[in-house]
Amino acid sequence: TRGPSRPPSVSIALTISSTESVPVRSFEADGVDPQRAALAAEVLSLNAQVHDRAMRLVGPMPVPADLTIQQLRGLDHLVKQPGLSGQELGGLLGVSPPTASGLVDRLVEKGLVSRSDDADDRRIRRLRPTDAGQDVMRQLDSMFERSLGVVLGELSTDDLELLCRGARAMLAALDRVSADRVRTP
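By convention here, each chain's residues receive numbers from 1 onward along its written sequence. Under the rules for a predicted model, residues below a pLDDT of 70 receive no local features and side-chain atom pairs below 80 are neither given nor counted, while totals for whole chains, interfaces and linings still include all residues. Excluding hydrogens and water, the side-chain values take into account all heavy atoms of the structure.

(A) Geometry of helix H2 (residues 69–80). Numbering goes from the N terminus for both helices and strands, where a helix is a DSSP run of H or I of at least four residues and a strand is a run of E of at least two. By this rule, a helix spans an expected 1.5 Å times one less than how many residues it contains. Under the 1.5 Å per step criterion, the end-to-end length of H2 is 16 Å for 12 residues, consistent within 8% with the ideal 16 Å. Partly exposed residues are those whose accessible area sits between 20% and 50% of the maximum for their type, while under 20% is buried and over 50% is exposed, using a 1.4 Å probe and protein chains only. Within H2 the residues assigned to the buried category are Gln71, Leu72, Gly74, Leu75, His77 and Leu78.

Here you go:
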């Protein structure tokens, strides 16, 4: 006898790079001092190694069965650039305006995207991810959360405090850069 029918499971498999020779960008070319550049390169290299090992441990990211890859790409663009118009989103996706409109319609129907009138031009509708849309994208990027759940017993409280400290430092730096970009467009 067979169990109850379930929707097919879909996963995105990522190419895993070799941790022995992880290509790392040169920050010195961006005018960063050598010590800071070396530390940034080490952070990137370590992050790539953590990613690769976590991928082997917890597997590829689950993809919601009711979303197409094109819908995920559209939602990803809107999470990164909230307020795009349908035409702008279509341009980023490389699709025609009618195709972009249909894609947006599906995302709105699923409750993942909202439309609002442009403040300056009422003919333009601005697109933003809803809380549910943000949650979908977070779940797709849940490898860290999933791998932390698996290794939590192996980490000391000192290790966890250090991870928290690093995450807080990164958040503070992101907030400072975002604030600077708002002040100087």
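(B) Highlighting a nonpolar patch on the surface. A cluster of nonpolar side chains, contributed by Met170, Leu171 and Leu174, occupies part of the molecular surface with about 310 Å² of accessible area. By secondary structure assignment, the location of Leu174 is in helix H7 (residues 157–183). On the basis of relative accessible area, Leu174 is assigned to the partly exposed category, the value being 45%. Residues qualify for a patch when their relative accessible area is over 30% and they have no salt bridge, like charges being joined within 9 Å and the nonpolar side chains of Val, Leu, Ile, Met, Phe, Trp and Tyr within 5 Å. Using a 1.4 Å probe, accessible areas were evaluated by the Shrake-Rupley method; residue-level cover was limited to the displayed protein chains. Salt bridge, as used here: a side-chain nitrogen of Lys or Arg that lies within 4 Å of a carboxyl oxygen of Asp or Glu.

(C) The arrangement of the pairing of strand S5 (residues 125–129) in detail. Whether two strands pair comes down to DSSP finding at least two bridges between them. Examined bridge by bridge, strand S3 (residues 84–85) and S5 share two bridges and lie antiparallel to one another. Note on S5: the bridge partner recorded for Leu84 is Leu127. When strand S4 (residues 113–117) meets S5, the two strands line up antiparallel, connected through five bridges. Pairing of Ser116 across the sheet is with Arg126, part of S5.

(D) The confidence of the model for the chain, seen in detail. How sure the predictor is of each residue is captured by pLDDT, a score from 0 to 100. Chain-level statistics for the chain give a pLDDT mean of 83 and a share of 86% at 70 or above. Note that pLDDT drops below 50 for residues 1–20; the model gives that stretch 24 contacts with residues more than four away or on any other chain. Should any heavy atoms of two residues lie within 4.5 Å, those residues are counted as being in contact.

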